[in-house]
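Fold and contact review
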Amino acid sequence: MWMLHASLRDDYEVSCRELDLLVKIASQCEGVFDGRMTGGGFGGSTVNLVQREKVGDFTERILTNTVGKQISNRRFMYLTPRTERKNWLMEIIELLNLQNSL
């Protein structure tokens, strides 16, 4: 997803400073597996895959590092896999693919 974000930013030029900042901060957080922007044309959001035990640290770091950066709506939505199966990452990828096809 990091590479996808870079492509959206560099090749398609559909990102913005605020989304790039959020992805950069996320990429520097321990326990963050991957991240990217989504919905940039409508204000945008980022999707990040974060280790469950690191969600609190991730949230705090995003909040701390975006104060005064013109990011007006810093809301978080937390999703967890439906099961504790080993392939939970595939469930999340399937969810992202479904959302992108809508």
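Keep in mind it's a predicted model, so treat the numbers as computed, not measured.

The rules behind these values
Residues numbered from 1 in each chain as written. Predicted model: local features only at pLDDT ≥ 70, side-chain atom pairs only at ≥ 80, totals over all residues. Heavy atoms only, no water. Helix = DSSP H or I, 4+ residues; strand = E, 2+ residues; numbered from the N terminus. Buried < 20%, exposed > 50% of the residue type's maximum accessible area, 1.4 Å probe, protein only. Contact = heavy atoms within 4.5 Å. Areas by Shrake-Rupley, 256 points an atom, 1.4 Å probe, with all protein chains shown as cover. Salt bridge = Lys/Arg side-chain N within 4 Å of Asp/Glu carboxyl O. Axes fitted to C-alpha atoms, helices over the stretch in contact; angles between N-to-C directions. Parallel < 35°, antiparallel > 145°, perpendicular 65-115°, else oblique. Left-handed = near helix turned anticlockwise from the far one by under 90°. Polar contact = N/O pair within 3.5 Å; in protein donor to acceptor, adjacent residues only side chain to side chain.

Of regular secondary structure, the protein possesses four helices and two strands. Ordered by position from the N terminus, the helices and strands of the protein form the series α-α-β-β-α-α. Taken over 102 residues, the protein has a buried fraction of 27%. Look at the contacts in the protein between residues 6 or more apart in sequence, and 49% of them connect residues 24 or more apart. Of the roughly 7400 Å² of accessible surface on the protein, 52% is carried by carbon and sulfur atoms.

All told, the structure shown has two salt bridges when counted by the stated rule. With its nearest N and O atoms 3.4 Å apart, the salt bridge here joins Glu30 to Lys54. Here Glu30 is found in the loop between helix H2 (17–27) and strand S1 (32–38), whereas its partner Lys54 is found in the loop between strand S2 (45–50) and helix H3 (55–65), with 24 residues between them in sequence.

With that settled, the discussion passes to the packing of helix H1 (residues 2–10) against H2. Direction vectors running N to C along H1 and H2 enclose 160°, while the axes themselves pass 12 Å from each other. With respect to H2, the element H1 is oriented roughly antiparallel. The handedness of the crossing between H1 and H2 comes out as left-handed. Side by side, H1 and H2 meet where Trp2, His5 and Arg9 of the first sit next to Leu19, Asp20, Val23, Ala26 and Ser27 of the second.

With that settled, consider the environment of Arg9. Mapped onto the fold, Arg9 is located in helix H1. For Arg9, a relative accessible area of 33% gives the class partly exposed. Separated by 27 residues in sequence, Arg9 and Arg36 have C-alpha atoms that sit 9.9 Å apart. Those residues in contact with Arg9 that sit more than four places away from it in its chain are Val14, Ser15 and Asp20. Only 2.7 Å separates the side chain of Arg9 from the side chain of Asp10, close enough to count as a polar contact.

Let us now look at the packing of H2 against H3. At a minimum axis distance of 10 Å, the contact between H2 and H3 shows a crossing angle of 135°. Judged by the inter-axis angle, H2 sits oblique to H3. Every pair of crossing elements has a handedness; the one defined by H2 and H3 is right-handed. Judged by residue contacts, Leu21, Leu22, Ile25 and Ala26 of H2 engage Phe58, Arg61, Ile62 and Asn65 from H3.

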